[in-house]
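One letter stands for each residue in the lines below.
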Amino acid sequence: MSKAIKILLIEDDVNLADNVVGFLQDFADVQAVTDGLDGEFEAQEVPYDLIISDLMLPGENGLEVIKNLRHHNVETPVLILTAKSSLDDKIEGFNVGADDYLTKPFHREELLVRVKALLRRSGVYSEDNTITVGDVLINLENRGVQVHGQQVKLVGKEFDILTYLAQNKNIIVTRDQIFDRVWGIDSDTTINVVNIYLNNLRRKLEAVGQNDLIKTLRNIGFILEVSDA
């Protein structure tokens, strides 16, 4: 399974966090933090596809994390994972911007079903593990790319950039967002590497007739623009 999907887990129960990471690791790249403040910082700095958050957290509780993220226009879907199961608790979570609610204890299979449902809703995941943008078919499982049935050979980061842009088709993403998503905020690589890989990716797409798929908006960012959104 591809690791193109990135999930942030905010959970202070280390044993539970390890179990969730272990269960989801074949489905997605899961980053776990144990503190609400760390989780909020991580969610603002790195573009994640989904956030799974406990409510009772040190530093800052889960409701505060979600509320602050929404205040700063971070619209990443949030699945609350908590032992608090009353209707009032659920309503409060939804009111601050949560997207779904799973009560502890839970079955791992239900967690995966809810994760997939939220990712499908946001257009990041499909059951056949592919993304189609215009004439381009991206296979997340075998990291293959086809245009009208013709294979396009992309090396690691080229594929990751194309996938990230496709997951955000018709949405402007900045160079910083691409760097943080593909290389990570802790990378020692300079941000100029984004331009190098984007140029290589464009050349390979142009070779199969995709001449204007990825557009540059000067001093703003990049957009993969298609008319089928």
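Residues numbered from 1 in each chain as written. Predicted model: local features only at pLDDT ≥ 70, side-chain atom pairs only at ≥ 80, totals over all residues. Heavy atoms only, no water.

This brings us to helix 5 (residues 108-121). With 14 residues, helix 5 should cover 20 Å at 1.5 Å per step; its first-to-last C-alpha distance of 20 Å lies within 8% of that length. Along helix 5, the positions that sit buried rather than exposed are L111, V115, L118 and L119. Each buried residue of helix 5 sits inside an arc of 100° when the element is viewed along its axis, so together they form one side. Opposite the packed face of helix 5, turned more than 90 degrees from it, sit the exposed residues V113 and R121. Buried positions along helix 5 lie against strand 1 (6-10), helix 1 (14-24), strand 3 (50-53), strand 4 (78-82) and strand 5 (100-103). Just downstream of helix 5, G123 is the residue with a positive phi angle, here 80°. (Helix = DSSP H or I, 4+ residues; strand = E, 2+ residues; numbered from the N terminus. Expected span 1.5 Å × (residues − 1). Buried < 20%, exposed > 50% of the residue type's maximum accessible area, 1.4 Å probe, protein only. Arc of directions from axis to C-beta. Contact = heavy atoms within 4.5 Å.)

So, on to the UniProt feature "modified residue: 4-aspartylphosphate" (unreviewed entry) in the protein. On the UniProt side, "modified residue: 4-aspartylphosphate" (unreviewed entry) is annotated at positions that read D54 here. Structurally, the position occupied by D54 is in the loop between strand 3 and helix 3 (62-71). Aside from chain neighbours lying at most four places away, what touches D54 is I10, E11, D12, G62, L81, T82 and K104. (UniProt positions renumbered as here; feature names shortened; annotations may be inferred.)

Backbone-to-backbone hydrogen bonds join strands into a sheet, with any given pair of strands oriented parallel or antiparallel. With parallel pairing, five strands are arranged side by side in an open sheet as 2-1-3-4-5. Edge strands, defined here as strands with exactly one partner in the open sheet, are strand 2 (29-33) and strand 5. For this sheet the average axis-to-axis angle between neighbouring strands, irrespective of direction, equals 20°. Inspection of the sheet shows strand 3 paired to strand 4 by three bridges, in the parallel sense. Within the sheet, the bridge partner assigned to I52 lies in strand 4 and is L79. Those strands touched by helix 2 (residues 36-45) are strand 1, strand 2 and strand 3, and its axis lies near 160° from that of strand 1. Strands strand 1, strand 3 and strand 4 of the sheet are contacted by helix 3, whose axis makes an angle of about 170° with strand 4. (Pairing = 2+ DSSP bridges. Axes fitted to C-alpha atoms, helices over the stretch in contact; angles between N-to-C directions.)

Next up on the list: the sheet that holds strand 9 (residues 150-152). Across the sheet, which stays open at both edges, the four strands sit in the order 6-7-8-9 with antiparallel pairing between neighbours. The outermost strands of the open sheet, each flanked by one partner alone, are strand 6 (130-133) and strand 9. Geometrically, the sheet is characterised by an average inter-axis angle of 25° between neighbouring strands, direction not taken into account. As defined by bridge partners, strand 7 (residues 136-139) adjoins strand 8 (residues 144-147) across four bridges and the pair is classed as antiparallel. The residue of strand 8 that forms the bridge with N139 is G144. On the sheet, helix 6 (residues 156-167) packs against strand 6, strand 7 and strand 8 and is oriented at approximately 115° with respect to strand 7.

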